[in-house]
Amino acid sequence: MTRSAKNITSKPDAKATPVQLLRESELLRIIDTVVRLGKSSGAEATEVHVDEVADALTRFANNAIHQNGAEHGLTVSIRTVAEGRTARATTNRVDEDSLRAAIESSLSLAASQPKNLALLAMPDRQKYRRVNRFIKQTAAITPGDRAQAVRRACDLAVKNGQVAAGMFSTGQSQTAVGNSRGLFAAYQETHAEFSITMQEKPAASWAKANSADVSNFDPQKLAARASEKAHLGSNPRELAPGRYTVILEPAAVLDLVGFLFYDFAATALQDKRSCLNERMGKQLFGKNISIYDDAYHPLQLGAPFDGEGMPRQKVHLVDRGVPKNLVYSRSSAKVARKSPTGHGFPLPNEYGEAPMNLVFAGGNSSLEEMIASTDRGLLVTRLWYIREVDAYEKIMTGMTRDGLFLVEKGRVVSAVRNFRFNQSLLEMLRNVELMGPAVRGTGEEAFEMVVPAMKVREFHFSEVTKF
């Protein structure tokens with residue numbers, strides 16, 4: 001079952017019928033069929049992932065819609081085990097001949113692999129905590145609904161003498177995993193995202209939000225925020241590089257701290273490639289920093305089970321600045337003599353596991369209060385082109401963009417030319433003075449997580465950029 005993507009440049013159908021995902025019974029039927037065929041093909045054990053995605057988007061630029069697209073597809077990923085060897089093959093067809101061919105491909109690939117003496121037997125049935133992230137209102141959004149929201153945003157840009165560009169996407173997806181030992185888990189969700197850039201030459205600014213529930217954000221308010229910042233961004237001042245107090249909006253925080261998530265993987269510590277090696281249990285961050293991995297947090301998305309079908313656990317990673325715990329796949333848990341936490345990736349993989357639902361405990365300071373408390377500093381909308389310079393000290397480099405502003409005596413006084421930064425995340429999280437409430441952050445450099453805005457002292461900007 002598959003549908004190719006469609007790009008439609010004509011007027012969208014405002015009455016388009018929402019896609020209906022397969023019923024859970026149909027997902028189970030596919031998995032049972034693969035398990036049956038795997039047994040008859042000689043597989044000692046078989047694992048099946050079924051993923052279905054139905055996404056649609058409306059793109060706009062130069063104050064007009066230029067593209068509507070829709071995609072609906074289903075994939076079946078099959079892992080077989082035979083004589084201590086394992087491999088995976090994928091198909092987008094669900095007839096028996098196609099599924100049998102994928103199983104045979106998986107077995108053929110496995111036969112070419114060396115034996116894995118550490119390969120564990122597949123898990124048996126598990127119990128899962130139910131989560132509800134399928135919102136009917138989001139699933140029912142039509143191209144016409146998206147077009148109306150885009151038109152209002154573009155009308156605002158025209159009114160203010162600006163140019164708008166961006167995207168409004170909505171969709172639904174589901175995943176199911178099962179194996180020949182009777183394990184079965186299924187999950188579905190909806191998702192909506194609005195992103196807009198407003199340009200008032202030579203300045204531009206940006207705003208973005210996403211959620212399972214399309215009513216959790218207002219595209220018009222996002223457009224108004226980007227419009228206001230684009231206007232304020234005109235005639236930027238050039239400041240000298242150096243260390244500044246910064247007020248990082250959630251998008252800027254997200255795209256920096258997102259580079260920490262692999263470091264909390266047990267496999268990363270076992271391989272000596274984590275910044276937490278020799279630092280577990282020590283005061284590494286400020287005492288106001290606590291971090292969790294929590295797939296059940298109301299602002300999160302994602303399945304309550306991992307790539308092997310193990311239930312995800314809430315893990316307290318950092319307690320008041322002290323790294324306390326890691327996340328474990330079944331394999332890394334066995335090595336460490338711990339219990340798996342439900343954070344493994346589908347096998348085979350080279351990463352092991354990672355916390356995919358990071359939640360930073362926030363504070364009570366609003367962005368306005370952070371600005372009012374700052375004698376001199378910089379307000380940062382977001383960051384981009386972030387790269388790791390030093391993996392152990394977690395020194396990152398990148399640039400500001402889409403709105404950098406000078407704060408003096410508690411007020412935003414002007415725009416500032418963009419900077420390149422060279423900053424250790426470990427040092428940054430020791431220098432956090434104030435935090436806002438934790439929100440679902442959306443950026444461009446890291447996956448979504450729940451983070452607060454932060455006021456940070458001594459943030460290092462190394463040079464002025466050329467734009």
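A. Inspection of the overall build of the protein chain at higher detail. For the protein chain, the count of helices and strands is 10 helices and 20 strands. Compactness check: the protein chain gives a C-alpha radius of gyration of 24 Å against a globular reference of 23 Å for 467 residues, within 12% of the reference. Structurally, the protein chain occupies a C-alpha span of about 75 × 60 × 35 Å along its principal axes. Of the contacts formed within the protein chain by residues at least 6 apart in sequence, a portion of 73% connects residues at least 24 apart. Surface summary for the protein chain: the accessible area is close to 21300 Å², and the carbon and sulfur share equals 48%. Looking at the protein chain, you have 60 positive and 52 negative side-chain charges, and the mean spots of the two groups are 2 Å apart.

B. Structural view of the packing of aromatic side chains. Counted under the stated rule, the structure contains 14 aromatic pairs. Relative to Phe419, the ring of Tyr244 has its centre 5.8 Å away and its plane inclined at 40°; by these criteria the two rings are tilted. Placement of Tyr244 in strand 8 (residues 242-248) and of Phe419 in strand 16 (residues 419-424) is noted, with a sequence separation of 175 residues between them. Across this residue pair, the class does not change: Tyr244 and Phe419 are buried. Cluster of aromatic residues (ring-pair linked, three or more members): Tyr244, Phe419, Phe421, Phe459 and Phe461. Lying across the ring of Tyr296, Arg129 places its NZ or CZ 4.3 Å from the centre. When the ring centre of Trp384 is taken as origin, the NZ or CZ atom of Arg401, which lies over that ring, is 4.4 Å away.

C. Main features of the packing of helix 1 (residues 24-40) against helix 2 (residues 96-111). Look at helix 1 against helix 2: their axes get within 10 Å of each other, and the N-to-C directions meet at 55°. The orientation of helix 1 with respect to helix 2, classified from their angle, is oblique. Regarding helix 1 and helix 2, the two cross each other, and that crossing is right-handed. Here Thr33, Val34, Arg36, Leu37 and Gly38 of helix 1 lie close against helix 2, whose contacting residues are Glu96, Leu99, Arg100 and Ile103. For the contact of helix 1 with helix 2, the class distribution of residues is 4 nonpolar, 2 polar and 3 charged.

D. Representation of the pattern of salt bridges within the structure. Summed over all chains, the structure comprises 24 salt bridges. Between Arg330 and Glu308 there is a salt bridge, with its nearest N and O atoms 3.0 Å apart. With Arg330 in helix 8 (residues 330-336) and Glu308 in the loop between strand 9 (291-293) and strand 10 (315-319), this residue pair connects regions lying 22 residues apart in the sequence. Look at Arg330 and you get buried, because its relative accessible area is 15%.

E. Region of the structure containing the nonpolar core. Membership of the largest hydrophobic core comes to 54 residues, with the highest contact counts inside it found for Leu256, Leu378, Met428 and Leu429. Among the nonpolar cores identified, the runner-up in size contains 22 residues, and Phe60, Ala149, Ala207 and Ala226 belong to it.

F. Up close: helix 4 (residues 143-159). Its 17 residues place the ends of helix 4 24 Å apart at the C-alpha level, agreeing with the 24 Å of an ideal helix rising 1.5 Å per residue. Inspection of helix 4 places Pro143, Gly144, Arg146, Ala147, Ala149, Val150, Ala153, Cys154, Leu156 and Ala157 among the buried residues, and these make up the whole buried set. In the core, the buried residues of helix 4 are packed alongside strand 2 (45-61), strand 3 (64-82), strand 5 (163-179), strand 6 (184-200) and helix 5 (219-232). With its phi angle positive at about 70°, Gly161 sits one or two positions after the end of helix 4.

G. Molecular detail of the side chain of Thr267. Position of Thr267 among the secondary structure elements: in helix 7 (residues 266-270). Given a relative accessible area of 14%, Thr267 falls into the buried group. Setting aside chain neighbours within four positions, we find Thr267 in contact with Arg273, Ser332, Tyr351, Gly352 and Glu353.

H. Inspection of the side chain of Thr46 at higher detail. Positionally, Thr46 belongs in strand 2. Thr46 sits in the buried class, given a relative accessible area of 2%. The residues touching Thr46, leaving out its near neighbours within four places in the chain, are Val34, Gly38, Ile78, Arg79, Thr80, Met122, Gly178, Asn179 and Ser180.

I. Layout of the packing of helix 4 against helix 5. Their axes nearest at 9 Å, the elements helix 4 and helix 5 cross at an angle of 25°. When the interaxial angle is binned, helix 4 and helix 5 end up roughly parallel. The crossing of helix 4 and helix 5 is right-handed. Along the contact surface, helix 4 presents Ala149, Arg152, Ala153 and Leu156, while helix 5 presents Pro219, Gln220, Ala223, Ala224 and Ser227. Within the contact of helix 4 with helix 5, the residues separate by chemical class into 6 nonpolar, 2 polar and 1 charged.

J. View of the pairing of strand 13 (residues 376-390). Across 3 bridges, strand 8 lies against strand 13 in parallel orientation. Across the sheet, the residue bridging to Leu248 is Val380, located in strand 13. Alignment of strand 13 against strand 14 (residues 395-408), held across 11 bridges, turns out to be antiparallel. In the sheet register, Trp384 faces strand 14, and the bridge partner there is Met399. What sits between strand 13 and strand 14 in their antiparallel hairpin is a turn of 4 residues, with Lys394 showing a positive phi close to 55°.

Conventions adopted
Residues numbered from 1 in each chain as written. Predicted model: local features only at pLDDT ≥ 70, side-chain atom pairs only at ≥ 80, totals over all residues. Heavy atoms only, no water. Helix = DSSP H or I, 4+ residues; strand = E, 2+ residues; numbered from the N terminus. Rg over C-alpha atoms; globule rule 2.2 N^0.38 Å. Contact = heavy atoms within 4.5 Å. Areas by Shrake-Rupley, 256 points an atom, 1.4 Å probe, with all protein chains shown as cover. Lys, Arg positive; Asp, Glu negative; His and termini not counted. Charge placed at Lys NZ, Arg CZ, Asp CG, Glu CD. Phe/Tyr/Trp six-rings, centres within 6.5 Å; stacked < 30°, edge-to-face > 60°. Buried < 20%, exposed > 50% of the residue type's maximum accessible area, 1.4 Å probe, protein only. Lys NZ or Arg CZ within 6 Å of the ring centre and 35° of its normal. Axes fitted to C-alpha atoms, helices over the stretch in contact; angles between N-to-C directions. Parallel < 35°, antiparallel > 145°, perpendicular 65-115°, else oblique. Left-handed = near helix turned anticlockwise from the far one by under 90°. Nonpolar A, V, L, I, M, F, W, Y, C, P; charged D, E, K, R; others polar. Salt bridge = Lys/Arg side-chain N within 4 Å of Asp/Glu carboxyl O. Core = buried A, V, L, I, M, F, W, Y, C linked by side-chain atoms within 4.5 Å. Expected span 1.5 Å × (residues − 1). Pairing = 2+ DSSP bridges.

So yeah, pure geometry; function would need other evidence.
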